[in-house]
Amino acid sequence: MGRWLYVCRRVVGALLTIIAATILDFFLFRAAPGGISNLAFVPGGSPQLKEALRHEFGLDQPVLSQLLHYLQALLHGNFGISYSNRQPVGPQVAEAFMHTLPMVGLGLLIAVLLAFTTGIAAVWFRGGAVDHLSRGAALVLFGIPAQWLAMMFIFAFRDSLPSGGMHDPFLIAPSFLEEAQDLLRHMILPSLTFGLTTYATFMLILRTSLIEALSEDYIVTAQAKGLPVRTVLLRHGLRNALLPVATVLGLAIGTAAAGAIIIEAAFSWPGLGDAMAKAVSQHDYPMLSGTFIVITASVVLVNLAVDLVYGWLDPRVRL
Amino acid sequence: MRLKVTIAVTALAAALLAGIAGCGGSSGGGGGDAGVSTLRIAVGNGSSIDSFNPLVTSCFTCQAAFRMMYPYLVQYNTDGSKIEGDFATSFQPSSDNTVWTFKTRKGATWSDGKPLTAEDAAWTLQTLLKFKESAGATFATWLVGIKSVKATDPQTLVVTYEKPTGTALVNLSQIPILPQHIWQQYATGDGSQLTKFSNEDPVTGGPFELSKAAKEQYALFAANPDYYGPEPSVKGFGFQFFKSEDAVVNAVSSHETDAAIDVTTSAVKQLESQSELNVETLPGMDVMMLVLNSSPHQEKNHELQNPQVREAFDLALNRANMVKVSQNGYGTVTGSLLPPALKAWSDPSLAHPEFNVAKANEILDSLGFKKGSDGTREAEGHPMSYQFPYPSGDDPRLIQIIVNDFAAIGVKLNPVGQDISTWIEGIQGDNYAKFDMSIMDYGPTYDPSAQMSLPTCEQWGGLNLSGACNKAYDKLFGEQLFQDEGPRHKSIDTLQQMVAEERPILPLYARDTVTVSWSNVKVPLAGPLIINYESKDWLLTGPAGS
């Protein structure tokens, strides 16, 4: 019963958070100056055209009426019409999200693998060259701007990997495998950039919490029992060091749904971050709202999942 | 298909990552061999095709695509020197120049096999006229003076103007002909359905058909075997869009693409060092301008309306330095709204605006605008300190040069980078009451009307960012739209002079355009309007390869 109550509370809290964020976003975007003036900045532009556009998009209605209409449409799965290309927002956001997912997914995988490998190695050889090297590399990569690293990768791999985009549009009748291979080739550099600029946080937190865990009494007991160092470190130490890492990882997975705007721009990756950046510059409210709902939902749902995993990792949390 | 691939790749990514980097598929590019390949073109500078609906978008690359996909009644020839027939085989004005009769191609078809006739052209023009203040607004400029349009038979189109219109052909050369049988179902009510039509699988009648496209990524075109005109010199071409300038440079230099257009000038030297590449820099059409608030509704800083103050500002601008620093030397200083590359119309007497800081200071001193302790002058009881909003995408080095140039004459500018909508609204809001000055760039077509319309009253709330409204200018601008070529040239010269004298806009320079292609690509990519969206000829005239 306690477990279900815990889950119910978390789910209801998550839903309320998404609804509140959706409403807040709605007002936030409309508070920005500028409206849709850019759409009327054309040779035939005029105040009359501006008014016609405002009417077409319902912006001449009271804000509360716009909100009501927007929420009603959302309940029917309708995210609205993009101001810039006049097409439904839902499919466009979904497409951008599906573009972002594999790239940041692979990036996160790289980050996690690197963080665990170097983090554990740093603790294993604590105080030695490996520890210093791992920490140093992590701090350097943490400090490097993603766009600079992206640029360096583009130059360094100019003859072996694509400069940008998600596909080679000029492939002739590619098979499924060729298309998959092509997508992977395009994903390597952006994912690697994402992974390298992200892993340091995980690695440093893992190292710190692992060191902390290794000073606990149960570890001393395990060592006293004569268990091998590897078992003590990985089975007893690592599991207890995972809680803070799970928190940071959860946040990172959630926010990664927004893509990495800078990385997507550098590699011309048509993902959610890129869609959001374009919507901001064009004051495309429906696109902005659509992307924010996806990002909000991702952050909230991943955090919900982390909360539930917490409950599994540490039974005290359910109390 | 793509979704399946994405899911599969996500699952397999880690396992395959290590071994995949060296592998690659076969790419179908190489515009080299005559008429057998697809010409792969990298497009940078943030350009892409955001819609295939001509009523929704008017972006540069979009227009190039529409020109290839749709029939046009008439078009400019390759060098932009004259108008020639396209879908129209002949055209004739009436004796009083108010009625134009076009004879169109016989036997032409749309890509779905339906007949392409003068009736499609008539319907397109009638529909754009009907919705010229809403769905058809982007074409409103080109419809000026049209009274009625009708197809008297399937091969004859008659366009009647309210009065003799010298720019009739120029205007009609900008309007694509749309297939009536596809589009007419959307031309109802207020016309808003016309802009909601995605046109993702367009029925076309031009030399190329859209074969494949992905939003913001690429657009591929294949030669239309049923095209009414000459056979294209390539079997297809494609635009691949890059958001990063570095990626464009890399794409063309590593031969991912056969060519790149609108390449950043900072990469010219690097690309020129690669012997297989042809790097062409040509005087461009895009003019960078400083805009001064000229609105009668300006609330404060009224000294900005003083012609002598404007003259001082003009003299203080070191345009050559802007070209040298901001454009890496690839640009042309100008004092005309029309770029020097538009030789037929640009007034050469305005080509070399004076740069004289001492004279500028003298003028401001003579007005009694003395410098305060911080070096900033005072005018009419307040410091000459002005808000200077600019589109955040513009070159910060240019902004800094302008700020420094003004500082040299005791005028302080406060630059603020803004997104386009905020920037436009900040300028045009409340009838231009609150802004001081800004910068903008705009490029004309081969015809000067759009560029010369920038300071007209009619463009208030549209392209007019200075808030200027001079009835005499508007009158002459309106008249030249209907004049024959000779008198029109005089009128355009006068309009350029009026702008130069009243200075609502201070033209700064026209930036060069850079095109890069592999040496085996012989398609004429280069031209002032790169890619030349005013003419289909660039891919119709061969040979394409070596």
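So, a few notes on the structure that sits alongside this text. All of these numbers come straight from a predicted model, not from anything done at the bench.

A short note on the overall build of chain B
Piece 1. Per the secondary structure count, chain B includes 16 helices and 21 strands.
Piece 2. Its C-alpha radius of gyration of 25 Å places chain B within 12% of the 24 Å reference for a compact globule of 546 residues.
Piece 3. Dimensions of chain B, computed from the C-alpha atoms along their principal axes, are close to 75 × 70 × 45 Å.
Piece 4. The buried share of chain B, taken over its 546 residues, is 59%.

Focus: the overall build of chain A
Piece 1. A tally of regular secondary structure across chain A gives 12 helices and 0 strands.
Piece 2. In sequence order, chain A lays out its α and β elements as α-α-α-α-α-α-α-α-α-α-α-α.
Piece 3. The principal-axis extent of the C-alpha atoms belonging to chain A is close to 85 × 60 × 40 Å.
Piece 4. Counting the 319 residues in chain A, one finds 50% classified as buried.
Piece 5. Within chain A, counting contacts between residues at least 6 apart in sequence, those at least 24 apart form 75% of the total.
Piece 6. Of the roughly 14,700 Å² of accessible surface on chain A, a fraction of 70% belongs to carbon and sulfur atoms.
Piece 7. In chain A, 19 positive and 19 negative side-chain charges are present, and the distance between their average locations comes to 11 Å.

Quick look at the nonpolar core
Piece 1. Of all hydrophobic cores here, the largest spans 106 residues; its most connected members are B:Phe102, B:Leu157, B:Phe221, B:Phe237 and B:Phe239.
Piece 2. Per element, the largest residue contribution to this core is 7 residues, and it comes from helix H3 (residues 118–130) of chain B.
Piece 3. Counting 36 residues, the second-largest nonpolar core is a separate cluster that includes A:Leu141, A:Phe153, A:Ile188 and A:Ala260.

Brief notes about the sheet that holds strand E4 (residues 88–93) of chain B
Residue and element names in this part refer to chain B.
Piece 1. The 4 strands lie next to each other as E4-E5-E7-E6, forming an open sheet whose pairing is antiparallel. The two strands at the open ends of the sheet, each matched to only one other strand, are E4 and strand E6 (146–153). Strand-to-strand twist across the sheet, computed as the mean angle between neighbouring axes with direction ignored, equals 20 degrees.
Piece 2. Pairing analysis gives 5 bridges linking E4 to strand E5 (residues 99–104), with the strands arranged antiparallel. Opposite Pro93, over in E5, you have Trp100 as the bridge partner.
Piece 3. In this fold H3 packs onto E5, E6 and strand E7 (156–161), with an angle of close to 160 degrees to the strand it touches most, E6.

Quick word on the pattern of salt bridges
Piece 1. One pass over the structure, following the stated rule, counts 19 salt bridges over all chains.
Piece 2. The partner of B:Lys196 in a salt bridge is A:Glu56, with the nearest N and O atoms 3.7 Å apart. Separated into two different chains, B:Lys196 in helix H6 (residues 192–196) and A:Glu56 in helix H2 (residues 47–56) make up a pair that spans both.
Piece 3. A relative accessible area of 26% places B:Lys196 in the partly exposed class.
Piece 4. Ionic pairing is found between B:Arg377 and B:Asp365, a salt bridge with its closest N-O pair at 2.6 Å. Of this pair, B:Arg377 sits in the loop between helix H11 (357–366) and strand E15 (378–379) while B:Asp365 is found in helix H11, placing the two residues 12 residues apart along the sequence.
Piece 5. Each of A:Asp274, A:Lys278, B:Glu216 and B:Lys243 takes part in a single network of salt bridges with overlapping partners.

Remarks on the pairing of E5(B)
Residues and elements named next belong to chain B.
Piece 1. The side-chain alternation of E5 yields one buried face, formed by Trp100, Phe102 and Thr104, and one unburied face, formed by Val99, Thr101 and Lys103.
Piece 2. Here E4 hands over to E5 after 5 residues, with Asn97 in that stretch at a positive phi of 60 degrees.
Piece 3. Pairing analysis gives 5 bridges linking E5 to E7, with the strands arranged antiparallel. Note that in E7 the partner of Val99 across the bridge is Thr160.

Topic: the packing of aromatic side chains
Residue and element names in this part refer to chain B.
Piece 1. Summed over the entire model, instances satisfying the criterion amount to 23 aromatic pairs over all chains.
Piece 2. Ring centres of Phe91 and Phe102 lie 6.2 Å apart, and the angle between their planes is 45 degrees; on these two criteria the pair is classed as tilted. With a gap of 11 residues between them, Phe91 in strand E4 and Phe102 in strand E5 connect regions that are remote in the sequence.
Piece 3. By relative accessible area, which is 23% here, Phe91 ends up partly exposed.
Piece 4. Ring centres of Phe388 and Tyr390 lie 6.4 Å apart, and the angle between their planes is 45 degrees; this geometry places the pair in the tilted category.
Piece 5. One aromatic cluster is present, built from ring pairs that chain together Phe208, Phe221, Phe237, Phe239 and Phe241.
Piece 6. Positioned above the aromatic ring of Tyr72 is the side chain of Arg67, whose terminal nitrogen or guanidinium carbon lies 3.8 Å from the ring centre.

A few points about the side chain of A:Thr198
Piece 1. Inspection of the secondary structure puts A:Thr198 in helix H7 (residues 176–214).
Piece 2. A distance of 2.4 Å separates a polar atom in the side chain of A:Thr198 from the backbone oxygen of A:Phe194.

A short note on helix H12 (residues 396–407) of chain B
Note: α-helices contain 3.6 residues per turn, so residues at a spacing of three or four share the same orientation.
Residues and elements named next belong to chain B.
Piece 1. Taking 1.5 Å as the rise per residue, H12 with 12 residues should run 16 Å; its terminal C-alpha atoms sit 16 Å apart, in good agreement.
Piece 2. Among the residues of H12, Leu398, Ile399, Ile401, Ile402, Val403, Asp405 and Phe406 are the ones counted as buried.
Piece 3. The residue sitting at the N-terminus of H12 and contributing the capping side-chain oxygen is Asp395; that oxygen lies 3.0 Å from the backbone nitrogen of Arg397.

So, the packing of helix H10 (residues 319–326) of chain B against H12(B)
Residue and element names in this part refer to chain B.
Piece 1. Packing of H10 against H12 leaves a shortest axis separation of 9 Å and a crossing angle of 155 degrees. Taken together, the axes of H10 and H12 are roughly antiparallel relative to one another. For the crossing formed where H10 meets H12, the hand is right-handed. Facing Asn321, Met322, Val325 and Ser326 of H10, the residues of H12 in contact are Arg397, Leu398, Ile401, Ile402 and Asp405.
Piece 2. Classifying every residue of the contact of H10 with H12 gives 5 nonpolar, 2 polar and 2 charged.

Concerning the sheet that holds strand E13 (residues 287–292) of chain B
Residues and elements named next belong to chain B.
Piece 1. Overall, antiparallel pairing links the 4 strands, which are arranged E14-E20-E13-E19 in an open sheet. In the strand order of this sheet, the two ends are held by strand E14 (331–333) and strand E19 (437–442), each with one partner. Pairwise comparison of adjacent strand axes, ignoring direction, gives a mean angle of 25 degrees for this sheet.
Piece 2. In terms of strand pairing, E14 meets strand E20 (residues 505–511) through 3 bridges, oriented antiparallel. Bridge pairing links Val333 to Tyr509 in E20.

Notes on the state of the cysteines
By definition, a disulfide is the covalent link that joins the sulfur atoms of two cysteine residues.
Residue and element names in this part refer to chain B.
Piece 1. One pass over the full model with this rule turns up 2 disulfides over all chains.
Piece 2. Each sulfur in the disulfide pair Cys457 and Cys469 lies 2.1 Å from the other. Torsion about the S-S bond of the Cys457 and Cys469 cystine: about 105 degrees, corresponding to right-handed handedness. Of this pair, Cys457 sits in the loop between helix H14 (449–452) and helix H15 (471–480) while Cys469 sits in the loop between H14 and H15, and the two are 12 residues apart along the sequence.
Piece 3. Judged by its relative accessible area of 15%, Cys457 falls in the buried class.
Piece 4. Disulfides within chain B link the bonded cysteines, taken in sequence order, as 1-2, 3-4.

Comments concerning a nonpolar patch on the surface
Piece 1. A surface patch of nonpolar side chains, amounting to about 380 Å² of accessible area, comprises A:Trp124, A:Phe125, A:Val130 and A:Val229.
Piece 2. Here A:Phe125 lies in the loop between helix H4 (89–124) and helix H5 (129–143).

Considering H3(B)
Residues and elements named next belong to chain B.
Piece 1. Taking 1.5 Å per residue as the helical rise, H3 with its 13 residues ought to reach 18 Å, and the 18 Å between its terminal C-alpha atoms agrees with that figure.
Piece 2. A large share of H3 lies buried, amounting to 10 of its 13 residues.
Piece 3. Those residues of H3 that sit buried are Ala118, Asp120, Ala121, Ala122, Trp123, Thr124, Leu125, Thr127, Leu128 and Leu129.
Piece 4. Check the buried side of H3 and you find it contacts E5, E6, E7, helix H4 (168–172), helix H5 (180–183) and H6.

Parameters and conventions
Residues numbered from 1 in each chain as written. Chains lettered and ligands numbered in written order. Predicted model: local features only at pLDDT ≥ 70, side-chain atom pairs only at ≥ 80, totals over all residues. Heavy atoms only, no water. Helix = DSSP H or I, 4+ residues; strand = E, 2+ residues; numbered from the N terminus. Rg over C-alpha atoms; globule rule 2.2 N^0.38 Å. Buried < 20%, exposed > 50% of the residue type's maximum accessible area, 1.4 Å probe, protein only. Contact = heavy atoms within 4.5 Å. Areas by Shrake-Rupley, 256 points an atom, 1.4 Å probe, with all protein chains shown as cover. Lys, Arg positive; Asp, Glu negative; His and termini not counted. Charge placed at Lys NZ, Arg CZ, Asp CG, Glu CD. Core = buried A, V, L, I, M, F, W, Y, C linked by side-chain atoms within 4.5 Å. Pairing = 2+ DSSP bridges. Axes fitted to C-alpha atoms, helices over the stretch in contact; angles between N-to-C directions. Salt bridge = Lys/Arg side-chain N within 4 Å of Asp/Glu carboxyl O. Phe/Tyr/Trp six-rings, centres within 6.5 Å; stacked < 30°, edge-to-face > 60°. Lys NZ or Arg CZ within 6 Å of the ring centre and 35° of its normal. Polar contact = N/O pair within 3.5 Å; in protein donor to acceptor, adjacent residues only side chain to side chain. Expected span 1.5 Å × (residues − 1). Parallel < 35°, antiparallel > 145°, perpendicular 65-115°, else oblique. Left-handed = near helix turned anticlockwise from the far one by under 90°. Nonpolar A, V, L, I, M, F, W, Y, C, P; charged D, E, K, R; others polar. Disulfide = S-S within 2.5 Å. Patch = residues over 30% accessible without salt bridge, like charges linked within 9 Å, V, L, I, M, F, W, Y side chains within 5 Å.

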